[in-house]
Structure formats: C-alpha cells, structure tokens
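What follows is the residue order along each chain.
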Amino acid sequence: MTRIALTAALIAGLPLAATAAPVQWSTADGGNGHYYELITTKKTFADASAAAQASTHAGLSGHIVTITSAEEQAFLDDLNTSQMEAWIGASDTDEEGVFAWITGPEAGTVFYTTTDGTQTYANWNPGEPNDWGSGEDYVEGWFGGAKDWNDIKASNKNAYIVEYSVVAPIPLPAALPLMLLGLGALGYARKRKG
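Here the structure is a predicted model, which is why all the values come from computation and not from measurement. Counting of residues starts from 1 at the beginning of each chain's written sequence and follows it residue by residue. For a predicted model such as this one, the threshold for reporting local features is a pLDDT of at least 70, and the threshold for listing and counting side-chain atom pairs is 80 or more; totals across whole chains, interfaces and linings nevertheless cover every residue. Heavy atoms from the whole structure form the basis of all side-chain values; hydrogens and water molecules are not counted.

A. Representation of the packing of aromatic side chains. Within 6.5 Å between ring centres, the rings of Phe, Tyr and Trp (the latter by its six-membered ring) count as paired, and their orientation is classed by plane angle as stacked under 30 degrees, edge-to-face over 60, tilted in between. This model, assessed by the stated rule, comprises 12 aromatic pairs. Relative to W87, the ring of F45 has its centre 5.4 Å away and its plane inclined at 85°; by these criteria the two rings are edge-to-face. Of this pair, F45 sits in helix α2 (residues 45-53) while W87 sits in strand β5 (residues 86-91), and the two are 42 residues apart along the sequence. Only protein chains enter the accessibility calculation, which uses a 1.4 Å probe; a residue is then buried when its area is under 20% of its type maximum, exposed when over 50%, and partly exposed in between. Residue classification places F45 among the buried residues on the basis of a relative accessible area of 6%. Joined through ring pairs, the aromatic side chains of F99, W101, F111, Y112, Y121, W124 and W149 make up one cluster. The secondary structure listing takes helices from DSSP runs of H or I that are at least 4 residues long and strands from runs of E that are at least 2 residues long, numbered from the N terminus.

B. Spotlight on the environment of G104. Its place among the elements puts G104 in the loop between β6 (98-101) and β7 (110-113). Assessed through its relative accessible area of 28%, G104 is described here as partly exposed. Between the alpha carbons of G104 and S165 there is a distance of 7.5 Å; along the sequence they are 61 residues apart.

This is the structure:
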C-alpha cells in the first residue's frame, strides 16, 4: 500500500489489509535476491494476481509467487508462519494435468505433469493434484495448514504472496510524447526557415 493510500485509509477510518513489509531472500543467504510479501486479505486468483501485478517494491514489479526449489519453499514457510492458504502462480488451464507457471519470469514453464509425474520442483500434498470435483485448475500453498500444495478453483478466496523480481518499467511523464512532437515540429520549422 502506498503512503498516500495508507494515509487516505487512516483518515477515512477504512480497515487495512494485514501485510508485512516485503522481505528479501538475499543472495548472501543462498537466495535469489527477490523480495516477498504475504498479503493476508483473501481474494480470488484473478483479483490477487491483478493486485500483485499492480504492486512494486524497490524498483521491482510484483507477481503471484512462483516456487521453484525446496530452498525457496522453506524460505516462504518461514515468511508464512501462520501457514495461511495462499495462491501460487501456477495452473493447468491450458492442458489438464500439465501444471505451468503463469506468473513472473517463469510464466509458460511447465513444472509438473500428472500423466508421468515429470516435475522440476513441486510440493504437492499427498494425493494432489486431483482436480477434485472438476475445475481445480489453480494452485494454493499451505493447504490445510500444512506446507504442501493443492489444486483448487480460481473462485476460492485465499491470501497470496507477492514476489518482486522483475525490474519495473520507468513510467514516462504523460506530457513527454507531446513535448517530443513539439520539439520535432520546432526543428522542422527551423530547418524550413533556414
């Protein structure tokens, strides 16, 4: 939450989302240098993903977390001490049973296939993924208070972890294109005059 939004919420007396400041998994500690933030406000996957993508920290863009190693899982287990069920940026919507990352720099990378058990890293709860009741195409972590993953419907509401890992684009001032057009026109006029 930005300082302006925080101040406005405090003045208006609005409830604030329970969050902790982003925590870095430093390279000195064997990490990837990314920052992580647990957001305890429960949202559908689409709403959580949109909120994460709108977030920035330390010049980095946010996305729903991707967990690509046991070490990263352990770091996040320490971050999510209450073990709240939280969205992970993965889905098998493109092909049932073929789970791929759909957020962050890993988007499009398949990490688990149910047909042959092929996986790079996954932390499924025993018996998962199971597409129970059909349409469980998204992934939550810390299923049932454990540190394992579960496939679930996108309409469920969960907490989520924002991972800040991609350098955020520097926004251009709105007037910049007009200024450049004006300078170009001025240069053209000077050239024609001279």
